[in-house]
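Each chain, letter by letter, is given below.
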Number of protein chains: 2
Amino acid sequence: MTTNVRRRMGVEERRQQLIGVALELFSHRSPDEVSIDEIAAAAGISRPLVYHYFPGKQSLYEAALRRAADELAARFQEPHEGPLGERLQRVMERYFAFVEEHGPGFSALMRGGPAAGSSRTNAMIDEVRQAAYEQILDHLGITDPPARLTLVVRSWVSLAESTALLWLDGREIPRAELELQLVHDFAALMAVSAAYDPEMAAIVVAMLAGEPADGPFTELASRLGALAGHGIIPA
Amino acid sequence: MTTNVRRRMGVEERRQQLIGVALELFSHRSPDEVSIDEIAAAAGISRPLVYHYFPGKQSLYEAALRRAADELAARFQEPHEGPLGERLQRVMERYFAFVEEHGPGFSALMRGGPAAGSSRTNAMIDEVRQAAYEQILDHLGITDPPARLTLVVRSWVSLAESTALLWLDGREIPRAELELQLVHDFAALMAVSAAYDPEMAAIVVAMLAGEPADGPFTELASRLGALAGHGIIPA
């Protein structure tokens, strides 16, 4: 009905429209199951016209992934205001919203299906991980991280990824609980590293300095303290 | 010099020898860089004879990966004796020894290079993760895990993987420190989950019941307690 009144799009505008349509389809089903015919139909154009803009499904997939990667990296941006725990919690909310919006595509990509695994897709995944890592260091105010901090932050980023993937697989635990849990996991992994290394202990002290009594980091500490008080965790 | 006296091997024996030679080569360099010619030379046989046993490099790679996966899963086996923290620490020692022995091949596989990413290689990786998960539940004595426990154990398994990969990339932190850190991380992630969920709290109570005062779990708790006592971590 609307095809006759559709105005002519410019090349870049058409490319961007196709990327948007493809990202939507690649997000909601495993990318291997999405055909060029379907993308063409969803965009309201012919199959040959899709090939006019993208040489094949892989290049369209990579363009869609590029947009998704940029969008996810943008969600890691958070104003440098207020307690760190709450900043991280807000980022986790946006992260899980992204994971929820792109569920099947995110799973297929991160689990390394046939559509994934090219050096370009792997480079984009690493870029997003790097963006997360840099944002955290930036919020901690650290420009020259010791190796132990790099390890804790990078391994926590991977923990966030695997937690999101496990959540997608059945969604048995409420999303909000896992968002908070990952904030707590960050504090816990930092604390473990601090327990044995004075340099890490100093970083944790600085991290907790601005935490309010009702912030997520303090709340965890008091809850763990309560468990210890009841003899549940050895004090 | 020795080729003339080399005795004739049976088919299965020759296959196993080739797998061993290939695993050695695939472990010490990125598998993409290892050629069939090299494998043939290392095995002391001709290139066509390699193809007689394996149709191509991918099938030989998968056979080598099969052996490595079985070997790694075997290292997760630990007698059900003594405190849990020490059992996990022994497994971590064997895990890092494996990672060290197979460093470049392990990195290439887990980072999803072109040699990896087939559905068969991914299935083998998942099988090893599953073996680790089942061993941990088995040692915890839990046959019907709640969703929160499944999530903590599986996400810790992924944390162990990423920690090992980060360690390989520069080896800036001593291996033994990371083995202990992962034992502590396990306790910390369990404790975070326990802090908000009574079912998880009961599991953590049971887990810590048999821990001696000088075990790794108790040691962490007392070190964290000391940090809290000095006002470093809010109590």
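Nothing here was measured: the structure is a model prediction, and the numbers come from that model. (Residues numbered from 1 in each chain as written. Chains lettered and ligands numbered in written order. Predicted model: local features only at pLDDT ≥ 70, side-chain atom pairs only at ≥ 80, totals over all residues.)

Quick word on the overall build of chain A
Within chain A, the secondary structure is distributed over 11 helices and 0 strands. Sequence-ordered secondary structure for chain A, helices as α and strands as β, is α-α-α-α-α-α-α-α-α-α-α. In chain A, which comprises 235 residues, the proportion classed as buried is 39%. Once local pairs closer than 6 in sequence are excluded, the contacts in chain A between residues at least 24 apart make up 67%. (Helix = DSSP H or I, 4+ residues; strand = E, 2+ residues; numbered from the N terminus. Buried ≥ 20, exposed ≤ 12 C-beta atoms within 10 Å, placed from the backbone. Contact = placed C-beta atoms within 7 Å.)

Re the nonpolar core
Residues Ala-22 of chain A together with Ala-22 of chain B are the most contacted members of the largest nonpolar core, which totals 131 residues. Ala-22 of chain A has contacts with Ile-39, Leu-60 and Ala-64 of chain A, leaving out every residue within four places of it along the chain. (Core = buried A, V, L, I, M, F, W, Y, C linked by C-beta atoms within 7 Å.)

So, the domain arrangement of chain A
Residues and elements named next belong to chain A. Along its sequence, chain A is organised into domain 1 (1-75) and domain 2 (79-235). Of the residues lining the interface, 16 residues belong to domain 1; the matching set on domain 2 comes to 18 residues. When residues of the side of domain 1 that touches domain 2 are traced back to their parent elements, those giving at least two are helix H1 (11-28) and helix H4 (57-75). Here the side of domain 1 that touches domain 2 gets 9 residues from one element, more than from any other, and that element is H4. For the side of domain 1 that touches domain 2, the residue count by class is 8 nonpolar, 3 polar and 5 charged. (Domains from an automatic or database assignment. Nonpolar A, V, L, I, M, F, W, Y, C, P; charged D, E, K, R; others polar.)

Some thoughts on helix H7 (residues 119-140) of chain A
In an α-helix, one full turn covers 3.6 residues, which means residues spaced three or four apart are oriented alike. All names here are of chain A. Taking 1.5 Å of rise per residue, the 22 residues of H7 would be expected to cover 32 Å, and the 31 Å separating its terminal C-alpha atoms lies within 8% of that figure. In this fold, the buried residues of H7 make contact with H4, helix H6 (103-110) and helix H8 (147-168). With its phi angle positive at about 75 degrees, Gly-141 sits one or two positions after the end of H7. (Expected span 1.5 Å × (residues − 1).)

Remarks on the packing of H1 of chain A against helix H2 (residues 36-43) of chain A
In a pair of packed helices, the angle between the axes and the distance between the axes together describe the arrangement. Residues and elements named next belong to chain A. Where H1 contacts H2, the axes come no closer than 9 Å and their chain directions differ by 120 degrees. By the angle between their axes, H1 is oblique relative to H2. Considering how the two elements wind past one another, H1 and H2 form a crossing that is right-handed. Across from Gln-17, Leu-18, Val-21, Ala-22 and Leu-25 in H1, the residues of H2 making contact are Glu-38, Ile-39, Ala-42 and Ala-43. Here the contact of H1 with H2 is composed, by residue class, of 7 nonpolar, 1 polar and 1 charged. (Axes fitted to C-alpha atoms, helices over the stretch in contact; angles between N-to-C directions. Parallel < 35°, antiparallel > 145°, perpendicular 65-115°, else oblique. Left-handed = near helix turned anticlockwise from the far one by under 90°.)

As for the packing of helix H9 (residues 175-194) of chain A against helix H10 (residues 198-209) of chain A
Residue and element names in this part refer to chain A. For the pair H9 and H10, the least separation of the axes is 7 Å and the interaxial angle reads 140 degrees. In terms of orientation, H9 and H10 fall into the oblique class. Read as a crossing pair, H9 and H10 show a hand that is left-handed. Facing H9, whose interface residues are Met-190, Ala-191, Ser-193 and Ala-194, H10 presents Met-200, Ala-201, Val-204 and Met-207. Considered class by class, the residues forming the contact of H9 with H10 number 7 nonpolar, 1 polar and no charged.

Examining unusual backbone geometry
The phi angle at Arg-171 of chain A is positive, at roughly 50 degrees, despite the residue not being glycine. Secondary-structure assignment places Arg-171 of chain A in the loop between H8 and H9.

A short note on the confidence of the model for chain A
Summing up the model confidence of chain A, the mean pLDDT is 88 and the portion of residues at 70 or higher is 90%. Note on the complex model: pTM 0.90, ipTM 0.88. (pLDDT = per-residue confidence, 0-100.)

Considerations on the environment of Thr-218 of chain A
If you trace the backbone, Thr-218 of chain A turns up in helix H11 (residues 216-229). Residue classification places Thr-218 of chain A among the partly exposed residues on the basis of 19 C-beta atoms within 10 Å.

Considerations on H6 of chain A
All names here are of chain A. Of all the positions in H6, only Gly-105, Phe-106, Ala-108 and Leu-109 are classed as buried. An end-on view of H6 places all buried positions within 165 degrees of arc, on one side of the element. Those residues of H6 that are buried are in contact with H1, helix H5 (84-101) and H7. (Arc of directions from axis to C-beta.)

Examining the environment of Gln-89 of chain B
Residue and element names in this part refer to chain B. Tracing the backbone through its elements, the reader meets Gln-89 in helix H5 (residues 84-101). The class for Gln-89 is buried, based on 21 C-beta atoms found within 10 Å. The spatial distance from the C-alpha of Gln-89 to the C-alpha of Gln-181 is 9.3 Å, given a sequence separation of 92 residues. When near neighbours in sequence (up to four residues on either side) are disregarded, Gln-89 contacts Glu-179, Leu-180, Val-183 and Pro-216.

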